[in-house]
Protein chains: 4
Amino acid sequence: MTDLDALKEEVFRANTELVRLGLVTGTWGNASAVDRSRGLVVIKPSGVDYASMAPGDMAVVDLDGREIGTGLRPSSDTPTHLELYRAFDGIGGVVHTHSPHATMFAQASREIPCLGTTHADHFKGPVPVTRFLSEAEVRGEYERETGRLIVERFRGLDPLATPGVLVAGHAPFAWGAHAAAAVENSLVLERVAQLALGTLGLDAGIGALPEYIQEKHYRRKHGPDAYYGQGKIPPS
Amino acid sequence: MTDLDALKEEVFRANTELVRLGLVTGTWGNASAVDRSRGLVVIKPSGVDYASMAPGDMAVVDLDGREIGTGLRPSSDTPTHLELYRAFDGIGGVVHTHSPHATMFAQASREIPCLGTTHADHFKGPVPVTRFLSEAEVRGEYERETGRLIVERFRGLDPLATPGVLVAGHAPFAWGAHAAAAVENSLVLERVAQLALGTLGLDAGIGALPEYIQEKHYRRKHGPDAYYGQGKIPPS
Amino acid sequence: MTDLDALKEEVFRANTELVRLGLVTGTWGNASAVDRSRGLVVIKPSGVDYASMAPGDMAVVDLDGREIGTGLRPSSDTPTHLELYRAFDGIGGVVHTHSPHATMFAQASREIPCLGTTHADHFKGPVPVTRFLSEAEVRGEYERETGRLIVERFRGLDPLATPGVLVAGHAPFAWGAHAAAAVENSLVLERVAQLALGTLGLDAGIGALPEYIQEKHYRRKHGPDAYYGQGKIPPS
Amino acid sequence: MTDLDALKEEVFRANTELVRLGLVTGTWGNASAVDRSRGLVVIKPSGVDYASMAPGDMAVVDLDGREIGTGLRPSSDTPTHLELYRAFDGIGGVVHTHSPHATMFAQASREIPCLGTTHADHFKGPVPVTRFLSEAEVRGEYERETGRLIVERFRGLDPLATPGVLVAGHAPFAWGAHAAAAVENSLVLERVAQLALGTLGLDAGIGALPEYIQEKHYRRKHGPDAYYGQGKIPPS
């Protein structure tokens, strides 16, 4: 199996996982992965039913969006994915869903505050929300402008520390080191949105989790002092 | 298999799909399709359990509601379906459910505002809500008046651009080019209702998605410039 | 198979159906049925896991609560069921669950108003809520007093037209002509509670569905003019 | 099979049960059990996928946290479990989840009031919430301090009568006589949180269930006068 076939298999699995996890309804979602050495991106084909999809159906484009080979047409959101791959060096996979609770925050143009350790374990600080695209941006290269909008929002933020965003009036995008990590981050984004919605229902004016607890949990799983998992020795 | 048998098979599949998608509880729902060339409508039989239903059980009526053949009695909502087929030329299938979130808006006599692109991709503008039927209308041909009520609400609206409605104090109806499209639109209607309920919980005073984004998303999937799916080439 | 074996089979199926429908968690629920000709009630055994239950495990008591045979002990809620069988002549089955949305209304000591046709199709008027039991009643024959409390609440109401109740601070009870009908009514009660909760979230001050629509929908399925199902001919 | 193998099997089953019951997402949860005669605790390994776990993968530590044998590393939450085993003599199993509704209350730093008999049947009084850990405690032995925080909160409370707690800004912990009982208590904790959230949505100012009803239900299932289940004879 060539590297490209392996990447198609990985992207296929990531897209079917989105369905299994209940993150997508119908065809509302897509996952992609990049092979930076060859400058190729593999992504879900546009408007194809998940049930009838096979690994070989995954579309291939270069980082400028040129379709490679004679496969199915790539997702109409491909230009958004490409902008993220071009701007965020460390990422290997991107996922877009309309998962319900994250989309509720996106529709309300409201960031998801860090209200607990579930959030702090995976996202550094709030999950940011973009501005709305201008009329000119929408009339232009809409999907590409959506990618630029996300990149603009991440000026001064680390996309690897905060691996997801809410596009105002639209829905979430998430990413990670590879396609499976992007899927996991989009699942976590949906769960922390659900938790935040219920927490705000109990106390609309609640503040963020104390900074020192946010930092502790983030570092417990990430960075040089991480000790979660089978890698390192915990302090106690 | 005759055309009528094929239509019965299609309507049977549409009704069972409503159960699989979690859009109906018990027998609270029905799907139908029309064969305009022969003036026949095939619809779920009345009060029959989905589990025990077979394609041959689908009821057949003409567009005036006369039962054809010796099958089971048609759904008591049949006169509503017939009004829609008579008034909305372009539609080939109709679905009625009591799906929870759409029914919550119907019970609140509240239209579903277009708060995001999930909505804009499928419904042009808000999902409208009807007035309540008058006592005279209810005491008359109730189910037929319900159909007339929907048609009245759609004066000045395009039923193909906005393929669904909320009947005040009752529940949603959705339609499409054929039975399967009507099922998909009733699923989308339920999902956008769920998203709107959560969004309004975060910001009760939120306004609609900017008009130019609504228009962009609707056109991305519909009309001459559509480029979603495997048909056309995207701009970027 | 004797009549009693048949009734045990029916009650067993009703109890397992409660699990399949997601109306019970753990052992929080019970279904029973009465054989009025012999004055016997068959009911779920107390605190037994649904997964390990067999038809033969169903407990049998007479209408005074005396255990018949050497089977498992009846549900601790049996005295409540018996009060209902003694007071409501027309009922053949009783179901108790802690289904989430109905229990939320019970915990809030709030009746479920009739806000739509889903409710009106199955329950005449609001689903009533009882008062709290007094300390003396609780210290006495608690489960029996719970049954008397429900009967007290139904003075002036028709238990067959409104086949369910919310016990304040506790949970719902539902009943019907037989065990399966009681199960269906407890499912409907949960669904209308879910719909009402969401509707009140959209409009806390909403009024009941117009009386003439409530009456129409109730009569469409019940009483001499019923035309829902395969029995009668619809007006149109 | 040695006692230790049996305990590993029990802890493995408890951890997989958490997934089956929908109480954990990804690896966000862990169950443990103690063998007090030998001073050993068996617990889920850290950051291991539930799907690929086997009984032999369960980690073993002594009550001071020293890893026994050459198995996988114990959960990073192990020091919290150990504090609970050391302080609460009667408990044999501990479970930690981020179950959604219980976590919403934890994130809101809000105890779960006893609003109904579902709660009263399993938890005596409200489910308590801890304070936030101080910065010094977080910078120290964080997981161990979390255990001490819970023990501090239970001064004057009976951990067997109230077998669970909400850690502020984090999530719930529950416990019981053995691992399976701890799993059941964490399921009940999630359900009563869900019920309380909906009840508070209907009446934000609602008070607790009358004390005499709380006491009756708790005693019906617990203590010398218990008559729920197959053990004792009910009063009526």
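Just so we're clear, the structure is a prediction, and the values are computed from it rather than from any experiment.

## A look at the sheet that holds strand β1 (residues 29–35) of chain D
All names here are of chain D. Taken together, the 6 strands give an open sheet; going across it, the order is β3-β2-β1-β4-β6-β5, and neighbouring strands pair in antiparallel fashion. The open sheet is flanked by β3 (59–62) and β5 (164–166), the only strands paired with a single partner. Adjacent strand axes in the sheet meet at a mean angle of 20°, parallel and antiparallel pairs treated alike. Pairing of β1 with strand β2 (residues 40–43) involves 4 bridges; the strand directions are antiparallel. Residue pairing for β2: Val34 is matched across the bridge by Val41. Contacting β1, β4 (93–97), β5 and β6 (172–176), helix α7 (residues 179–202) crosses the sheet at an angle of about 140° to β6.

## Re the pattern of salt bridges
Counted according to the given criterion, the structure contains 60 salt bridges over all chains. Close ionic contact of B:Arg148 with B:Glu145 constitutes a salt bridge, the shortest N to O distance being 3.0 Å. Of this pair, B:Arg148 and B:Glu145 both sit in helix α6 (residues 142–153), 3 residues apart, which is roughly one turn of that helix. Under the relative-accessibility criterion, B:Arg148 is labelled partly exposed at 32%. Between D:Arg220 and C:Glu143 there is a salt bridge; the shortest N-O distance is 2.7 Å. In this pair, D:Arg220 is assigned in helix α8 (residues 211–221) and C:Glu143 in helix α6 (residues 142–153), connecting two distinct chains.

## Focus on the environment of B:Asn15
All names here are of chain B. Mapped onto the fold, Asn15 is located in helix α1 (residues 3–20). When the C-alpha atoms of Asn15 and Ser32 are compared, they prove to be 8.2 Å apart, with 17 residues separating the residues in sequence. When neighbours within four sequence positions are excluded, Asn15 is seen to be in contact with Asn30, Ala31, Lys44, Tyr50, Met53 and Met58. At a separation of 2.8 Å, a polar atom in the side chain of Asn15 contacts the main-chain amide nitrogen of Ala31.

## Regarding the arrangement of the chains
Nowhere do chain A and chain C come into contact; their C-alpha atoms are at least 11 Å apart. Separated without contact, chain B and chain D have their nearest C-alpha atoms at a distance of 11 Å.

## Re helix α6 (residues 142–153) of chain A
Helical geometry: 3.6 residues make up each α-helical turn, so side chains three or four residues apart lie on a common side. Along its 12 residues, α6(A) runs 16 Å from first to last C-alpha, staying within 8% of the 16 Å computed at 1.5 Å per residue. Those residues of α6(A) not exposed but buried are A:Tyr142, A:Glu143, A:Glu145, A:Thr146, A:Gly147, A:Leu149 and A:Ile150. On its buried face, α6(A) sits against α2 (78–87), α5 (135–139), β5 (164–166) and β6 (172–176) of chain A together with α4 (117–120) and α8 (211–221) of chain B.

## Topic: the relation of the copies chain A and chain B
There are two copies of the chain, and a rotation about an axis plus a shift along that axis relates them. With an RMSD of 0.0 Å, the fit of chain A onto chain B corresponds to turning through 90° and sliding 0.0 Å along the axis. With respect to symmetry, the two chain copies, as superposed, fit the operation of a four-fold axis. Among all residues of chain A, the one whose C-alpha sits closest to the rotation axis is A:Gly201, at a distance of 5.7 Å.

## Re the interface of chain A and chain B
Contacts between the two partners involve 33 residues from chain A and, on the opposite side, 33 residues from chain B. When the area that chain A buries against chain B is broken down by residue, the three leading residues are A:Trp28, A:Arg73 and A:Gln107, summing to 25%. Between the two partners, chain A and chain B, sit 2 salt bridges. A salt bridge links A:Asp77 to B:Arg220; its shortest N-O distance comes to 3.5 Å.

## So, the confidence of the model for chain A
Residue and element names in this part refer to chain A. In the predicted model, chain A carries a mean pLDDT of 93, and 95% of its residues have values of at least 70. Low pLDDT, under 50, characterises residues 231–236; the stretch is placed with 12 contacts to residues that sit more than four places away or in other chains. Model confidence for the complex is summarised by a pTM of 0.95, with the ipTM given as 0.93.

## Points about the interface of chain C and chain B
Contact with chain C, which involves 33 residues of that partner, is made by 32 residues of chain B. Both sides together, the interface formed by chain C and chain B hides about 2900 Å², and carbon and sulfur atoms give 57% of it. Between chain C and chain B we count 2 salt bridges in total. Broken down by element, the residue count for the side of chain C that touches chain B peaks at 9 residues, all from helix α7 (residues 179–202) of chain C. Here the residues of the side of chain C that touches chain B are counted per class, giving 15 nonpolar, 12 polar and 6 charged.

## Points about the packing of helix α2 (residues 78–87) of chain D against helix α6 (residues 142–153) of chain D
Residues and elements named next belong to chain D. Relative orientation of the contacting elements α2 and α6 amounts to 35°, with a least axis distance of 7 Å. In this structure, α2 meets α6 at a crossing whose hand is right-handed. Residues Pro79, Thr80, Glu83, Leu84, Arg86 and Ala87 of α2 form the contact with α6, whose own contacting residues are Glu143, Arg144, Thr146, Gly147, Arg148, Ile150 and Val151. Of the residues in the contact of α2 with α6, the class split is 5 nonpolar, 3 polar and 5 charged.

## What to know about the side chain of A:Glu83
Residue and element names in this part refer to chain A. Positionally, Glu83 belongs in helix α2. Given the relative accessible area of 9%, Glu83 is considered buried. Of the polar contacts made by the side chain of Glu83, one reaches the side chain of Arg86; its length is 2.4 Å. Those residues in contact with Glu83 that sit more than four places away from it in its chain are Arg144, Gly147, Arg148 and Val151.

## Observations regarding the pairing of strand β4 (residues 93–97) of chain C
All names here are of chain C. With 5 of 5 residues buried, β4 is to be regarded as a mostly interior element. By the alternation rule, side chains of β4 split into Gly93, Val95 and Thr97 and Val94 and His96, which are all buried. Sheet topology note: the strand β1 (residues 29–35)/β4 ladder contains 5 bridges and is antiparallel. When the sheet's bridge partners are listed, Asn30 is paired in β4 with His96. Two strands pair when backbone bridges link them, and β4 and strand β6 (residues 172–176) are joined in this way by 4 bridges, in the antiparallel orientation. Opposite Gly93, over in β6, you have Gly176 as the bridge partner.

Rules and cut-offs
Residues numbered from 1 in each chain as written. Chains lettered and ligands numbered in written order. Predicted model: local features only at pLDDT ≥ 70, side-chain atom pairs only at ≥ 80, totals over all residues. Heavy atoms only, no water. Pairing = 2+ DSSP bridges. Helix = DSSP H or I, 4+ residues; strand = E, 2+ residues; numbered from the N terminus. Axes fitted to C-alpha atoms, helices over the stretch in contact; angles between N-to-C directions. Contact = heavy atoms within 4.5 Å. Salt bridge = Lys/Arg side-chain N within 4 Å of Asp/Glu carboxyl O. Buried < 20%, exposed > 50% of the residue type's maximum accessible area, 1.4 Å probe, protein only. Polar contact = N/O pair within 3.5 Å; in protein donor to acceptor, adjacent residues only side chain to side chain. Expected span 1.5 Å × (residues − 1). Least-squares fit on C-alpha atoms with pLDDT ≥ 70 in both. Buried area = accessible area lost by both parts, 1.4 Å probe. pLDDT = per-residue confidence, 0-100. Nonpolar A, V, L, I, M, F, W, Y, C, P; charged D, E, K, R; others polar. Left-handed = near helix turned anticlockwise from the far one by under 90°.

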